[in-house]
Amino acid sequence: MNEKISRMDECILVCVSYGPNGERLIRRGCKIADMLNCPLYILTVDAKPFDEMDAEKTYYIEKWKKLADSLHSAEFILRDNEKKPVAKVIAEVAREKHVTQIIIGQTAQSRWEQITKGSLINALLKEIPFVDLHIISVGRYIKDEEGQYDKGVRAYLVKEGGQYRLTFNHTKDVAYEGIFFKEHGTDFDNGIFKFMKDKETIHVYVNDGIVADLQEAKMNEPIYIKDSRE
C-alpha cells in the first residue's frame, strides 16, 4: 500500500503580506502540508480595521480567503485592527493552532509596520523557539522606486470586441477584477492593470483606458517584477 500517513502532530502556518508573492508562499506551504497531510493556516496581520483598508489590501485579503477555501484542510486568518507587535500576533496564532512550522517571506519584513530589519525573525525565535521557521526569498511586486505610478486602486476590465475597457464600476459585464496603477502626472487612464488569470498574477498595459491584448501580458510581466535579491 502507498497511502499517505496523516501527520496531525504537524501544522503549517503561512504568514502573508500584500502582493502576488503571497500566493507563492501559500503554494509552498500547501506543498509541505500536503506531504505531511496536516492542517494549513494562512495569516495576515494589519494594524487597520478591515473596513478602513484600501482597495489593494482588500483585494488580496479576498483572494487569500478564496485560495484557502479551494485548498484541502486550509483556513485563512485575518488579524486586523491589531495593535500588538506582529511577532507576538504570529506567536499567539501559532500556539492557538498548535503550529509546528512557519513560512514567511524575506521581503515581508519591510512591509509590516514597526518591524526593523532582522527583528521579526529574532522576535519569533524568542517567542516560539520550538517552531521551525522557513524563510522564503521572494520577488517584490511592481517595484516603483522612481514614483512612476500612483497608489493602486480597485478596477475592472470589460470586454469590448477584441479588446478590454478599464472601468472603476462593477457591473455584470466585468471580465476581470484587479488593481490599476495609474502613471503619475497623466490626465488619462494610462498605467498597469494587475489581476489574476488562470491562477497566475498578470500585468497588462493600459493605454487611454484600453487593454489591447491580454495574450501579451505574460510576455510583458517581467519588466515590472524586481527580485529582492538583486
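In case you missed it, the structure is sitting above this.
Rules used throughout
- Residues numbered from 1 in each chain as written.
- Predicted model: local features only at pLDDT ≥ 70, side-chain atom pairs only at ≥ 80, totals over all residues.
- Heavy atoms only, no water.
- Helix = DSSP H or I, 4+ residues; strand = E, 2+ residues; numbered from the N terminus.
- Polar contact = N/O pair within 3.5 Å; in protein donor to acceptor, adjacent residues only side chain to side chain.
- Phe/Tyr/Trp six-rings, centres within 6.5 Å; stacked < 30°, edge-to-face > 60°.
- Buried < 20%, exposed > 50% of the residue type's maximum accessible area, 1.4 Å probe, protein only.
- Pairing = 2+ DSSP bridges.
- Salt bridge = Lys/Arg side-chain N within 4 Å of Asp/Glu carboxyl O.
- Axes fitted to C-alpha atoms, helices over the stretch in contact; angles between N-to-C directions.
- Right-handed = clockwise from strand over helix to strand, strands pointing away.
- Core = buried A, V, L, I, M, F, W, Y, C linked by side-chain atoms within 4.5 Å.
- Parallel < 35°, antiparallel > 145°, perpendicular 65-115°, else oblique.
- Left-handed = near helix turned anticlockwise from the far one by under 90°.
- Contact = heavy atoms within 4.5 Å.
- Nonpolar A, V, L, I, M, F, W, Y, C, P; charged D, E, K, R; others polar.

1. Considering the environment of Lys-194
So, point 1. Residue placement: Lys-194 occurs in strand β10 (residues 191-197).
So, point 2. Counting along the chain gives 16 residues from Lys-194 to Gly-178, while the straight-line C-alpha distance between them is 5.5 Å.
So, point 3. Side-chain polar atoms of Lys-194 contact the side chain of Tyr-60, separated by 2.7 Å.

2. A closer look at the packing of aromatic side chains
Describing an aromatic ring pair means giving the distance of the ring centres and the angle of the ring planes.
So, point 1. As enumerated under the stated definition, the model contains six aromatic pairs in all.
So, point 2. An angle of 50° between the planes, with centres 4.8 Å apart, marks the rings of Tyr-176 and Phe-195 as tilted. Of this pair, Tyr-176 sits in strand β9 (residues 174-182) while Phe-195 sits in strand β10, and the two are 19 residues apart along the sequence.
So, point 3. For Phe-195, a relative accessible area of 0% translates into the label buried.
So, point 4. Connected via pairs of aromatic rings, a cluster forms that spans Tyr-164, Tyr-176, Phe-193 and Phe-195.

3. Observations concerning the pairing of strand β7 (residues 153-160)
So, point 1. As defined by bridge partners, β7 adjoins β9 across six bridges and the pair is classed as antiparallel. In the strand pairing of β9, Tyr-156 is matched with Glu-177.
So, point 2. Pairing analysis gives five bridges linking β7 to strand β8 (residues 163-167), with the strands arranged antiparallel. Residue pairing for β8: Leu-157 is matched across the bridge by Leu-166.

4. With respect to the pattern of salt bridges
So, point 1. The tally for this structure, following the rule as stated, stands at 15 salt bridges.
So, point 2. The salt bridge partner of Glu-160 is Arg-165, with a shortest N-O separation of 2.5 Å.

5. Concerning the sheet that holds strand β4 (residues 101-105)
So, point 1. Taken together, the five strands give an open sheet; going across it, the order is β3-β2-β1-β4-β5, and neighbouring strands pair in parallel fashion. Edge positions in the open sheet fall to β3 (74-79) and β5 (132-136), since each of these has one partner strand only. Taken over all neighbouring pairs, the strand axes of this sheet differ in orientation by 20° on average, direction set aside.
So, point 2. By the bridge criterion, four bridges tie strand β1 (residues 12-15) to strand β2 (residues 40-45) in an arrangement that is parallel. Residue Val-14 lies in a different strand from β2, and its bridge partner there is Ile-42.

6. Quick look at the pairing of β2
So, point 1. Counting buried residues along β2, six of its six residues qualify, which places the element largely inside the surrounding structure.
So, point 2. Neither face of β2 is exposed, since Leu-40, Ile-42 and Thr-44 on one face and Tyr-41, Leu-43 and Val-45 on the opposite face are all buried.
So, point 3. A crossover connection joins β2 to the parallel β3 through helix α2 (residues 55-70); in handedness this β-α-β unit is right-handed.

7. Examining the nonpolar core
So, point 1. Counting residues in hydrophobic clusters, the biggest one holds 28 residues, and the most contacted among them are Ile-12, Val-14, Val-16, Ile-26, Leu-40 and Ile-103.
So, point 2. Per-element tally for this core: the top contributor is α2, with six residues.
So, point 3. One finds Leu-43, Val-45, Val-89 and Val-131 within the second-largest nonpolar core, a separate group that totals 22 residues.

8. Some remarks on the packing of helix α1 (residues 21-36) against α2
So, point 1. Taken N-terminus to C-terminus, the directions of α1 and α2 make an angle of 20°; their axes are 11 Å apart at the nearest point. As summarised for this structure, α1 and α2 are arranged roughly parallel, according to the angle between their axes. For the element pair α1 and α2, the recorded crossing hand is right-handed. Two secondary-structure elements touch here, α1 through Gly-22, Glu-23, Ile-26 and Arg-27 and α2 through Lys-63, Trp-64 and Leu-67.
So, point 2. For the contact of α1 with α2, a count of residues per class yields three nonpolar, one polar and three charged.

9. Quick notes on unusual backbone geometry
So, point 1. Phi is positive for Asn-37, close to 55°, though the residue is something other than glycine.
So, point 2. Relative to the helices and strands, Asn-37 resides in the loop between α1 and β2.
So, point 3. By relative accessible area, Asn-37 is classed as partly exposed at 25%.
So, point 4. Positive phi is not limited to glycine here, since Asp-208 has a value of about 50°.
So, point 5. Along the chain, Asp-208 turns up in the loop between β11 (200-206) and β12 (210-211).

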